[in-house]
Amino acid sequence: MLSDKIEQAIRSHTQQKNGRSFYLYDTTHMRGKIAYLKSIMPENVHIFYAMKANPHAAFLGAALESKVEGIEIASLGEGKRALAAGFRPNQIIFTGPGKSPEELLWSVQNEIRTVHIESLTEAYRLNSICKLLNTKQDILVRVNPNFDIHDAQANFSGGSRKLGVDEEKLPEFMPEILGLEHLNFRGLHVYAASGVLKVSDLLMNCELVFKMAQNIEAEFRNVRCDIIDFGGGFGIDYLERGEHFSPEQYAEGLNDLIALYNFKNRSFVLELGRYLTADSGWYCTEILDIKDSRGKKQIVCAGGTNHFRRPAALSINHPVVIMPMKQPPFYRGQEFASEEESYIGGPLCNSADKIANNVFIKEAHIGDIAVFCLAGAYGLSMSHLDFLSHARPEEIVIA
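Only a predicted model underlies this, so the values are computations on that prediction, with no experimental measurement involved. (Residues numbered from 1 in each chain as written. Predicted model: local features only at pLDDT ≥ 70, side-chain atom pairs only at ≥ 80, totals over all residues. Heavy atoms only, no water.)

*Asks:* I'd like a description of the overall build of the chain, backed by residues and values.
*Replies:* Scanning the chain from N- to C-terminus turns up eleven helices and 19 strands. Whereas a compact globule of 399 residues would reach a radius of gyration of roughly 21 Å, the chain reaches 23 Å, a difference of no more than 12%. C-alpha extents for the chain along the principal axes are approximately 80 × 40 × 40 Å. Buried residues in the chain amount to 55% of all 399 residues. Carbon and sulfur atoms form 47% of the exposed surface of the chain, whose accessible area is close to 17,900 Å². In the chain, 41 side chains carry a positive charge and 49 a negative one; their mean positions are 3 Å apart. (Helix = DSSP H or I, 4+ residues; strand = E, 2+ residues; numbered from the N terminus. Rg over C-alpha atoms; globule rule 2.2 N^0.38 Å. Buried < 20%, exposed > 50% of the residue type's maximum accessible area, 1.4 Å probe, protein only. Areas by Shrake-Rupley, 256 points an atom, 1.4 Å probe, with all protein chains shown as cover. Lys, Arg positive; Asp, Glu negative; His and termini not counted. Charge placed at Lys NZ, Arg CZ, Asp CG, Glu CD.)

Listed below in structure tokens is the structure:
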């Protein structure tokens, strides 16, 4: 499961620096995915890097050097990081609810590409800032549609949501937006779900959004949805069931829909984060203890959810590889795991500190390294690093 290159890098860092917990990054996979997606997508479909997946400079650099169209941010901090990495303001799109006045002011002053409006309050707040600065800002309206994707890892639409404007409220919402003279309506942002493995589900989302755009244009004269942002949603097979998302089928299906709806002269945005970064990162942590507790092995590592929170937060196991380090036992009869389902957690004094639940372990000994694969997305930056004040893991970049 681990390439020779990755295994060698893990061993080298562990032995040379006595590194007990660290992330290892190799952005080669990310660069290859960006190049491939750009080669197969319709020409008016643009790839943006969703930097929330991994804001490390190595990933920002890989996205920039791979010539993505731009970058999606969800905070002022991310915006500043994007600029520092070399992205131009006109490559930045700002999404997410609850944008502060300071964030909106920064966006207007820096003349970023688009601000994605989540509510009337946000629209009026942005309009007042633009009026004060005597300028206009291009915007997209984020919509909470009347549908969801049942098999997705996480749903962002349907029901009551803090994200976007409810679809049924658009008839009263749009006149308000169009009446704000310092906002320039450019189109829609509709992101239904994350972690989708079935191409047909995401294509259904695309078609429903196309119909939504047609309805808006039919109802409001001189309004055109020039830009449609589908968000991301490309899934990763964390459970290793062989259910891989097919970007080729998605590109083909989207191209057919664009032709069917005669949308060839419009611009489409894909904000991809997890899909680009997940297989470019590994979380590595030393096994400090193994004990049997009422018939189940508990493997205790140097790092837990304080370093790698995602598995616990989403209740999903990542693929895990145990790298043998052949450390001598501390005492005769020292416990180990062999051909059994085990729990893997960290040193935190709470029962929720689990980074793998009932995962099958072929063999594990104290001193070995537990390597969690597909950890390049929502790893370190998603974790509660300061809980119990344990040392933070290093981030090692090898390519």
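There is more to say after this.
*Asks:* Help me get a handle on the environment of glutamine 334, residues and values and all.
*Replies:* Inspection of the secondary structure assignment puts glutamine 334 in the loop between strand S15 (320-323) and strand S16 (337-345). Overall, glutamine 334 belongs to the buried group, its relative accessible area being 14%. As a C-alpha pair, glutamine 334 and isoleucine 290 span 44 residues in sequence and 8.5 Å in three-dimensional space. Not counting the four nearest positions on each side in its chain, glutamine 334 is found in contact with Pro329 and Ile366. (Contact = heavy atoms within 4.5 Å.)

*Asks:* How would you summarise the packing of aromatic side chains if you had to cite specific residues and measurements?
*Replies:* Under the counting rule described, the total for this entry stands at 18 aromatic pairs. Ring geometry for phenylalanine 234 and tyrosine 250: centres 5.0 Å apart, planes at 65 degrees, overall edge-to-face. Here phenylalanine 234, found in the loop between strand S11 (227-229) and helix H9 (247-260), pairs with tyrosine 250, found in helix H9; they are 16 residues apart in sequence, far enough to count as distant. For the pair formed by phenylalanine 234 and tyrosine 250, the shared burial category is buried. Members of the aromatic cluster, connected to one another through ring pairs, are Tyr23, Tyr25, Phe59, Tyr283, Phe308 and Phe372. Lying across the ring of tyrosine 275, lysine 33 places its NZ or CZ 4.2 Å from the centre. Taking the ring centre of phenylalanine 94 as reference, the NZ or CZ of lysine 99 above it sits at 5.7 Å. (Phe/Tyr/Trp six-rings, centres within 6.5 Å; stacked < 30°, edge-to-face > 60°. Lys NZ or Arg CZ within 6 Å of the ring centre and 35° of its normal.)

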